[in-house]
Amino acid sequence: MLLVAYKGEVVIFHAEGNRTLIPEPRPLHKNTLFDLASLTKPLATTLAVIKLVDDGKIALDQPLQDLLPADVPNDKEGIPLRALLSHCAGFDNWRPFYLDTDINTQENRKAAVREKILTSDLVYPPLTAALYSDLGFMVLEWVIEAQTGGTLPDYLQKQIFNRLSLGHTKSDHAGGGPR
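A brief structural summary.

Time to look at the overall build of the protein chain. Counting its regular elements, the protein chain contains seven helices and four strands. In sequence order, the secondary structure elements of the protein chain are arranged as β-β-β-β-α-α-α-α-α-α-α. Burial statistics for the protein chain: of 179 residues in total, 36% are counted as buried. Partitioning the contacts of the protein chain with sequence separation of at least 6, the portion at a separation of at least 24 is 60%. As displayed, the protein chain offers around 10,900 Å² of accessible surface, 54% of which is attributable to carbon and sulfur atoms.

Summarising burial for helix α7 (residues 152-161): seven of the ten residues are buried, a large majority. For α7, the complete set of buried residues consists of Leu152, Pro153, Tyr155, Leu156, Gln159, Ile160 and Phe161. Considered in projection along α7, the buried side chains sweep an arc of 155° and stay on one side of the axis. Residues Asp154 and Lys158 are exposed on α7 and point more than 90 degrees away from its buried face. On the buried face of α7, the contacting elements are α1 (40-54) and α6 (134-148). At the N-terminal boundary of α7, the capping side chain belongs to Thr151, with an oxygen 3.1 Å from the backbone nitrogen of Asp154.

Turning to the nonpolar core, a few remarks are in order. Judged by nonpolar contacts, the single largest core of 33 residues is most densely connected at Leu84 and Phe91. The set of elements that each furnish at least two residues to this core consists of α1, α2 (64-67), α4 (81-85), α5 (106-119), α6 and α7. Take this core: its biggest share by element is eight residues, from α6.

Burial runs low along strand β2 (residues 9-14): only zero of the six residues are buried. As paired elements, strand β1 (residues 2-6) and β2 share five bridges and run antiparallel to each other. Bridge pairing in β2 places Ala5 opposite Val10. Hairpin connection, β1 to β2: the antiparallel pair is bridged by two residues, and Lys7 has positive phi, about 50°.

In this section: the pattern of salt bridges. Pairing between side chains of opposite charge can happen when their charged atoms approach one another. Counted by the stated rule, this structure contains eight salt bridges. Note that Asp92 and Arg95 form a salt bridge whose closest N and O atoms lie 3.0 Å from each other. For Arg95, a relative accessible area of 26% puts it in the partly exposed group. Several salt bridges converge on common partners, so that one network encompasses Lys110, Arg114, Glu141 and Glu145.

Turning our eyes to something else, we now look at a nonpolar patch on the surface. Taken together, the side chains of Leu2, Val4, Tyr6, Val11 and Ile12 define a hydrophobic patch exposed on the protein surface, amounting to about 450 Å² of accessible area. If one sorts the elements of the nonpolar patch by residue count, β1 sits on top with three residues. By relative accessible area, Val4 is classed as partly exposed at 33%.

A word on the environment of Phe137. Assignment of secondary structure puts Phe137 in helix α6. Each C-alpha atom of the pair Phe137 and Ser86 lies 9.9 Å from the other, and the pair is 51 residues apart in sequence.

How each quantity is defined
- Residues numbered from 1 in each chain as written.
- Predicted model: local features only at pLDDT ≥ 70, side-chain atom pairs only at ≥ 80, totals over all residues.
- Heavy atoms only, no water.
- Helix = DSSP H or I, 4+ residues; strand = E, 2+ residues; numbered from the N terminus.
- Buried < 20%, exposed > 50% of the residue type's maximum accessible area, 1.4 Å probe, protein only.
- Contact = heavy atoms within 4.5 Å.
- Areas by Shrake-Rupley, 256 points an atom, 1.4 Å probe, with all protein chains shown as cover.
- Arc of directions from axis to C-beta.
- Polar contact = N/O pair within 3.5 Å; in protein donor to acceptor, adjacent residues only side chain to side chain.
- Core = buried A, V, L, I, M, F, W, Y, C linked by side-chain atoms within 4.5 Å.
- Pairing = 2+ DSSP bridges.
- Salt bridge = Lys/Arg side-chain N within 4 Å of Asp/Glu carboxyl O.
- Patch = residues over 30% accessible without salt bridge, like charges linked within 9 Å, V, L, I, M, F, W, Y side chains within 5 Å.

Now the structure itself:
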């Protein structure tokens, strides 16, 4: 898919290739919708953090203790925002929180998962290794919500998607966080 615009006018808009190959090739069309799936980390959560940094509301070297409205345990209080973004904060890649019986109602699920993330052991000391981490991005969602006073999807819609005229972009689960 190629789209080039200049001064608000579309100059080139061309669809080429296939949108799927299995079970059979299906051609790409100009109106083909794509599921962004795990691209939400760079295209939503990271973009929201970058916007907050650009606006001077947070800093990449700011520690978790200054960013979250919670008592952050000693082993996590100094983790800088940049460590979360680069998957170097020490958090595990994922945990099956849905199996915990105390996370059973929609009203408290997000808060309970966040508490479990903060109180869980790190798998390595921050900034000493890298491990692709859903948990770190769940914490980033929390940071964004704490700094904006609203939800990550609402912030993305208002500050990013609407400004880019992405009227059909759905950001309901942009943070990859607990539902």
